[in-house]
Amino acid sequence: MSREEFNKLRHDHCCFLYVSIIIVAFALSLSPAYCQDIEGYDDNPATQELFSELVYKSFSNFTSVFKQDIAKYFGFCITDVDEDWNMAFNFSKGTQFISNCAKKTNGDMLRRICTAAEIKFYFNNLFEKGAKKSNYLKPNKNCNLSSWVSGCEPGWACGVGKGEKVDLRNSKDMPFRSTNCAACCEGFFCPHGITCMIPCPLGAHCPLAKLNKTTGICDPYHYQLPPGKPNHTCGGADIWADILSSSEIFCSAGLYCPSTIQEIPCSRGLNPGSDAALPPMPGGSSSQQSSGKGKKNGKSNLTQMLDDIENNPEGHEGFNLEIGDKNIKKNAPRGKQLHTQSQMFRYAYGQIEREKAMQEQNKNLTFSGVISMANDTEIRKRPTIEVAFKDLTLTLTTKHKHLLRCVTGKLSPGRVSAVMGPSGAGKTTFLSALTGKATGCTMTGMVLVNGKMEPIQSYRKIIGFVPQDDIVHGNLTVEENLWFSARCRLSAELPKPEKVLVVERVIESLGLQAVRDSMVGTVEKRGISGGQRKRVNVGLEMVMEPSLLILDEPTSGLDSSSSLLLLRALRREALEGVNICMVVHQPSYTLFRMFDDLILLAKGGLTAYHGSAKKVEEYFAGLGITVPERVNPPDYFIDILEGIAKPKSAGEL
Ligand SMILES: Nc1ncnc2c1ncn2[C@@H]1O[C@H](COP(=O)(O)OP(=O)(O)OP(=O)(O)O)[C@@H](O)[C@H]1O
């Protein structure tokens, strides 16, 4: 190419770009947001960017028109309507769907976008009547008994007439729309009964519908083509968040949606450090909602709330919890009668408060407390498990080395037992032997469950095991981790409100309320603190509501206050009759005194002590071993078993 040719091309290109920018700048200058044809719409990135900006800006700060209505109906769960709305419609990071739509509609996209009056009409219908699947919008200017243009059909929209100016922010008058009726663009939704397009909020996935030839339905939205209109095709989405009829409207689990028109499997899309990549979440995710450290990325409050109404139009009542309210028990709906999140949370917190009160009574053991406990059938009782072991001996099959020798004792329901001993004494091996997980070994002796010689594995559904290494998912929030475990471990038949209760009880009991929405964190990305992480790790097993909970060093690496917090939570479980047994290293004296029983193992898997933790000093004193002043008794006994300290006999003092 000659220099002249190159300069000419460059000049042409610049002129073209310049003209395009002027056209779009002109449209932008028609503030606040008038719908204009943009004839010059083209593939030029600069034009596309400006055009897209025009569209999403016209949607942001739109709330002045709906604020009152939203606050009236949903003030209980949305604190800042503007912030929520703007978060749901901030497409600044992904405007491809706008460019695609502009191309597809030959520049008249803005003529097809709903005005404030139409959006208000749609929401008010939704708020008032709820989303009954059939035509739930009232008759209006464009879709009524005498006029029903194609754009009134689900997933379709029409434009306003050429030359007609439409102010997108006009919240009073609906424009007349009857021209160029066509399928709604992907990334937008076009409700049944109005003739315009509304962008799908972030977190949603709104692809174009496809006709399922077998069922005759437009999937994934489940609407039908109008009869007697052979040219009508499946269009875009017709709903915002009707997950009852289509769970596909939201980014599905295991996928992330960088925009409302993309869905990418997490395994392929995960790219540590990239803003666009988000972890697999129970509800799917949208990268554009990412906002700050530890913030959950999912449906915005507004979206969640609409989802909620559509799930249950009648039962929308709010989170007006009255903790401690005596009538809560009487009035609270139970089990399957509960539909909305608010009802479920209300029920869960009512129960939690009652349980706390019961525990207080239990602690004081007043006569009336015992009677009321006996009469209260609503507090779910877990089955109890007592595990007795007799002459438990474990020998390595290959080396004929004894890992445990004749360990005898029992773990009782409602008690917290500590397993202690020097490193390598066989503490972890003992836990494995108890739970039937020891491999490569020959085991002799007996393990009796509730006095019966039954394989302990048959009780696995009510036995929780927290291993030494964390099993939390670092890319999920605390709450998501617990829900993941709850979904996997709790019975599918357990009604959702009961599951909510279980998860909320665990969050409450482990003191994780403040970090429930924070990401747990990974090596690359810092999340919650080490102590909180350990508590989540324990919570994963607590959500299965075990009767026997076995934990391998849950307090290792924790400072004494974090350890205390954890042990308090475990003690609360024990109050419910759970049998808890944990390996613990170097507990502070305060922590040590929180254990009911102690199993002290010496090297070679020998039992040095088994009995009440409070009587261990007395026991050793009886053997002539007394704890020196200012020395922590558990540390001293371990040092003696290690051979580090020489026992001081009582006579020497
Ligand atoms: N499957 C196995 N094969 C070989 N040796 C084993 C096996 N399991 C345990 N051991 C050995 O048994 C002994 C006890 O191990 P265990 O992990 O139970 O000790 P521990 O008391 O839990 O120690 P720590 O406090 O350091 O975690 C160790 O010497 C260990 O090497």
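Structure first, text after, so check above.
Residues numbered from 1 in each chain as written. Predicted model: local features only at pLDDT ≥ 70, side-chain atom pairs only at ≥ 80, totals over all residues. Heavy atoms only, no water.

Participant: Any details on the state of the cysteines? Residues and values, ideally.
Facilitator: Scanning all chains against the criterion turns up seven disulfides. One disulfide in the model links Cys114 with Cys196; its S-S distance is 2.0 Å. Since a negative S-S torsion denotes a left-handed disulfide, the Cys114-Cys196 link at about 90° is right-handed. With Cys114 in the loop between helix H5 (96–104) and helix H6 (116–129) and Cys196 in the loop between strand S5 (188–189) and strand S6 (198–199), this pair connects stretches of sequence that are 82 residues apart. You can call Cys114 buried: its relative accessible area is 0%. Between the sulfur atoms of Cys184 and its disulfide mate Cys190 the distance is 2.0 Å. Here Cys184 and Cys190 share a disulfide; its torsion about the S-S bond, 80°, makes the bridge right-handed. The buried category is assigned to Cys184, whose relative accessible area is 0%. (Disulfide = S-S within 2.5 Å. Helix = DSSP H or I, 4+ residues; strand = E, 2+ residues; numbered from the N terminus. Buried < 20%, exposed > 50% of the residue type's maximum accessible area, 1.4 Å probe, protein only.)

Participant: Can you lay out helix H19 (residues 633–642) for me, pointing to particular residues and giving the numbers?
Facilitator: Listed as buried for H19 are Pro633, Pro634, Tyr636, Phe637, Ile638 and Ile640. At its buried positions, H19 is contacted by strand S15 (416–420), helix H17 (589–592), strand S20 (597–602) and helix H18 (616–622). Gly643 occupies a position one or two residues after H19 and carries a positive phi of about 90°. (Contact = heavy atoms within 4.5 Å.)

Participant: Would you mind going over the site of the ligand in detail, with residue names and values included?
Facilitator: The immediate surroundings of the ligand are formed by 14 residues, with Ser423, Gly426, Lys427, Thr428 and Thr429 found nearest. Between Lys427 and the ligand, the recorded distance is 2.9 Å, taken from a side-chain N or O atom to an oxygen atom. At 3.0 Å, a side-chain N or O of His585 approaches an oxygen atom of the ligand. Split into classes, the residues belonging to the shell around the ligand amount to four nonpolar, seven polar and three charged. (Near = heavy atom within 4 Å. Polar contact = N/O pair within 3.5 Å; in protein donor to acceptor, adjacent residues only side chain to side chain. Nonpolar A, V, L, I, M, F, W, Y, C, P; charged D, E, K, R; others polar.)

Participant: Mind laying out the sheet that holds strand S7 (residues 210–212), listing which residues take part and the relevant values?
Facilitator: One open sheet holds the three strands; their spatial order is S7-S8-S9, and the pairing between them is antiparallel. Two strands in the sheet have a free side with no partner beyond their single neighbour: S7 and strand S9 (223–224). Note: S7 against strand S8 (residues 217–219), three bridges, orientation antiparallel. Bridging across to S8, Leu211 finds its partner in Cys218. (Pairing = 2+ DSSP bridges.)

Participant: Would you mind going over the pattern of salt bridges in detail, with residue names and values included?
Facilitator: Side-chain pairing between opposite charges can occur once the charged atoms of the two side chains come close. Considering all chains together, one arrives at 13 salt bridges under this definition. For Asp108, the salt bridge goes to Arg112, with nearest N and O atoms at 3.6 Å. One network of salt bridges, with partners in common, ties together Asp470, Arg533 and Lys534. (Salt bridge = Lys/Arg side-chain N within 4 Å of Asp/Glu carboxyl O.)

Participant: An account of the sheet that holds strand S13 (residues 387–396) is needed here, citing residue identities and associated values.
Facilitator: Pairing between the strands of a sheet is mediated by backbone hydrogen bonds and can be parallel or antiparallel. Strand order in this open sheet of three strands is S14-S13-S16, and the pairing throughout is antiparallel. This sheet does not close on itself; its edge strands, each paired only once, are strand S14 (402–411) and strand S16 (441–449). On average, each strand axis in the sheet is tilted by 5° relative to the strand beside it, whichever way the strands run. Across eight bridges, the pairing between S13 and S16 is antiparallel. When the sheet's bridge partners are listed, Thr395 is paired in S16 with Thr442. Across the face of the sheet, helix H12 (residues 427–434) comes into contact with S13, S14 and S16 while running at roughly 115° to S13. (Axes fitted to C-alpha atoms, helices over the stretch in contact; angles between N-to-C directions.)

Participant: Lay out helix H14 (residues 496–509) with the relevant residues and their values.
Facilitator: Each full turn of the α-helix corresponds to 3.6 residues, which orients residues three or four apart in the same direction. Under the 1.5 Å per step criterion, the end-to-end length of H14 is 20 Å for 14 residues, consistent within 8% with the ideal 20 Å. Within H14, twelve of the 14 residues are buried, leaving the element largely enclosed by the surrounding structure. Within H14 the residues assigned to the buried category are Pro497, Glu498, Lys499, Val500, Leu501, Val502, Val503, Glu504, Arg505, Val506, Ile507 and Ser509. With its phi angle positive at about 65°, Gly511 sits one or two positions after the end of H14. (Expected span 1.5 Å × (residues − 1).)

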